[in-house]
Amino acid sequence: MNRLRVGLLGCGNVGAALVTLLDEQRDAVATRTGIELEITRIAVRSTAEDRGLSIDPSVFCADAAAIVSDPEIDLVVEVIGGIEPARSLLNDAIANGKPVVTGNKELLANHGAELFAAADDAGVDLLFEAAVAGAIPLIRPLRESLAAEPVRRIMGIVNGTTNYILTQMSERGAGYAEALSEAQSLGYAERDPTADVEGFDAGAKAAIIATVAFGAVVVAGDVYHEGISRITGHDIEMARRLGYAVKAVAVAERTGRGNGEPPEVAVRVHPAMVPVQHPLAGVRDSFNAVFIQGDAVGELMFYGRGAGGRPTAGAVLGDLVDAAVNLASGGPGRIGRLVRARVRSIDDLRSEYYIGLEVADRPGVLASVADVFGRHGVSIRSMEQHGLGDDARLVFITHECRERDLQATLRDLRGLEAVHELGNVIRVVGDDGPRL
């Protein structure tokens, strides 16, 4: 039996769940791999806190740097989050020849290329399944099973908080504020929910997905993002009437590679009206799902719990076992050489759009509105009008058009005296997804 000692950095929701899960699965892991994993040191902010774990209190320490430099530690797991000190600690662990497992999406979305290169140079694993979509096995299939697959598009629901909120708004008619409060009470949303509801969390995950899928460096700052905080019950009801569900989606697309140039990609996060027959439309509550389209494999979908201490710890443990087996056999997994991606601007996106307007209800208004669309080459696929007393609500679905033309149309619509309010503009996903 090969005994490997693990140093754990952080013992919050995920770290504590990992300690318990490893204790439960230790014998099964040993039987299947011939390796006994033992967490021998845990770095925490306060060693006095009772975490309710069946583990010797002497294992806890406040010096994370001492753990990554300890020659008695074979592998390091990082679940403290944030960029520093996690970045320095992981670099030091790698420099000391220790395989690393992390669930730190913020770190990888901003400094992943640096860490991947360091791990490659040191010949050790850097595994991060838990950084994207919680318990769903996504990163390993992308980097191994689909390594030779020309993946064209990945579209997914990768934030459980926003999906829970939109589900409650869609199924119960809850308002945004009410659904957000419920998500917070259930532990799905933080006290400050900005990272979730404004798309920053999903944007970090989208950057990691794009990096792995396309073999090119994409960082969080490359990702265009819009949140869900302006979505209304009216938007959701109109989507339902038109045969769509409103979802917050992350989209990563490969738009071409040629003549030895770096790959051109487009990565974005935004609300979208998804056709009800699309698999993503039925993903409810805090669940996540990722839909992959490739040239050879066609369409694949991965579905499961995208958050929570125990599900995420399950992904961490899977990586830990993988790293342990690789360490014992001397064959670490590699993400491979990354090149810098050319990231295409959101202005070049082609999509259909849902647009809501409140206008004065008088003759000639509709003609003036339609004239603005026509001047910018934005064709109207369908239109509905609803009376609102002295005003009217107009709802348009456009044919596919370029984002920059749509934005020019919106600017001119805002300038019309008869337009009293420009409502939400939501991208409409076609049957084969958004296109460039």
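Figured I'd write up the structure that's included with this text.

About the criteria used
Here, residues in each chain are numbered from 1, in the same order as that chain's written sequence. Owing to the predicted nature of the model, reporting of local features is limited to residues with pLDDT of at least 70; listing and counting of side-chain atom pairs is limited to 80 or more, with chain, interface and lining totals taken over all residues. Note that the side-chain values use all heavy atoms of the structure and ignore hydrogens as well as water. Only DSSP runs of H or I reaching four residues or more are called helices, and only runs of E reaching two or more are called strands; each is numbered from the N terminus. It is over C-alpha atoms that the radius of gyration is taken, and the globule rule equals 2.2 Å times the number of residues to the power 0.38. Burial classification: accessible surface area is computed with a 1.4 Å probe over protein chains only, and a residue below 20% of its type maximum counts as buried, one above 50% as exposed, and the rest as partly exposed. Only heavy atoms enter the contact rule, under which two residues are in contact if any of them lie within 4.5 Å. Note that accessible areas follow from Shrake-Rupley with a 1.4 Å probe, and for residues the cover is restricted to the protein chains shown. For salt bridges, the criterion is a side-chain nitrogen of Lys or Arg within 4 Å of an Asp or Glu carboxyl oxygen. A helix's residues, less one, multiplied by 1.5 Å, set its expected span. Each axis is a line fitted through C-alpha atoms, taken for helices only over the stretch in contact, and angles between the N-to-C directions span 0 to 180 degrees. Each angle gets one of four labels, with under 35 degrees taken as roughly parallel, over 145 as roughly antiparallel, 65 to 115 as roughly perpendicular, and the rest as oblique. Crossings are assigned a handedness: left-handed for a near helix turned anticlockwise from the far helix by less than a right angle, right-handed for a clockwise turn. Amino acids outside the nonpolar list (Ala, Val, Leu, Ile, Met, Phe, Trp, Tyr, Cys, Pro) and the charged list (Asp, Glu, Lys, Arg) are all regarded as polar, and Gly is one of them. Strand pairing is assigned whenever DSSP identifies at least 2 bridges connecting the two strands. Handedness is read with the strands pointing away from the viewer; a crossover is right-handed when the path from the first strand over the helix to the second is clockwise.

1. What about the overall build of the protein?
Secondary structure assignment for the protein yields 13 helices and 20 strands. Its C-alpha atoms give the protein a radius of gyration of 24 Å, near enough to 22 Å, the size a compact globule of 436 residues would have. Across its three principal directions, the C-alpha atoms of the protein cover 85 × 55 × 35 Å. Taken across its 436 residues, the protein has 51% of its residues classed as buried. Here the contacts in the protein between residues at least 6 apart in sequence split such that 74% fall between residues at least 24 apart. Only carbon and sulfur atoms are counted for the fraction: they give 46% of the accessible area of the protein, which is about 18,100 Å².

2. Digging into the pattern of salt bridges
For the structure on display, the rule yields 35 salt bridges. One salt bridge in this structure joins Glu24 and Arg310, with 2.7 Å as the shortest N-O distance. Pair noted here: Glu24 is in helix α1 (residues 13–33) and Arg310 is in helix α11 (residues 309–329), with a separation of 286 residues, a long-range link. Glu24 gets classed as partly exposed once you look at its relative accessible area, which sits at 43%. The partner of Glu226 in a salt bridge is Arg427, and the shortest N-O contact between them spans 3.1 Å. Separated by 201 residues along the polypeptide, Glu226 in the loop between β9 (224–225) and α10 (233–242) and Arg427 in strand β20 (residues 419–428) bring together distant segments of the chain. On the basis of relative accessible area, Arg427 is assigned to the buried category, the value being 4%. Counted as one network, the salt bridges with shared partners bring together Glu129, Arg140, Asp319 and Asp322.

3. Things to note about helix α6 (residues 160–171)
Counted at 1.5 Å a residue, the expected span for α6 with its 12 residues is 16 Å, and the 16 Å between its end C-alpha atoms agrees. With 10 of 12 residues buried, α6 is to be regarded as a mostly interior element. Every buried residue of α6 is accounted for by Gly160, Thr161, Thr162, Asn163, Tyr164, Ile165, Leu166, Thr167, Gln168 and Met169. One or two residues past the end of α6 sits Gly173, with phi positive at roughly 75°.

4. Remarks on the side chain of Lys205
Checked against the element boundaries, Lys205 lands in helix α9 (residues 200–214). Exposure remark for Lys205: the relative accessible area of 7% places this residue in the buried category. Non-local contacts of Lys205, meaning those with residues more than four positions away in its chain, are made with Lys105, Ala131, Val132, Ala133, Val158 and Asn159.

5. With respect to unusual backbone geometry
Residue Glu84 is joined to Pro85 through a cis peptide bond whose omega torsion reads 10°. A positive phi is found at Ala133, a non-glycine position, where the angle reads about 65°. Relative to the assigned elements, Ala133 resides in the loop between β6 (126–127) and α5 (139–145). The exposure class of Ala133 is buried, given its relative accessible area of 1%. The residue Asp285 is not glycine, and still its phi comes out positive at about 50°. Relative to the assigned elements, Asp285 resides in the loop between β11 (264–275) and β12 (287–294). Relative accessible area serves as the criterion here: at 21%, Asp285 is assigned to the partly exposed category.

6. Examining the packing of helix α12 (residues 365–375) against helix α13 (residues 403–414)
Where α12 meets α13, the closest approach of the two axes is 9 Å, and the angle between their N-to-C directions is 150°. Taken together, α12 and α13 sit at an angle that is classed as roughly antiparallel. Between α12 and α13 lies a crossing of right-handed hand. Between α12 and α13, the contacting residues are Val369, Val372, Phe373 and Arg375 on the first element and Thr409, Asp412 and Leu413 on the second. Of the residues assigned to the contact of α12 with α13, the class counts are 4 nonpolar, 1 polar and 2 charged.

7. Brief notes about the pairing of strand β2 (residues 35–43)
Pairing geometry for strand β1 (residues 2–9) and β2, over 8 bridges, is parallel. Across the sheet, Gly7 pairs through a bridge with Arg41, a residue of β2. Once you follow β1 into α1 and on to β2, the crossover reads as right-handed. Relative to strand β3 (residues 60–61), β2 runs parallel, the two being bridged by 2 bridges. If you follow Ala43 over to β3, its bridge partner there is Cys61.

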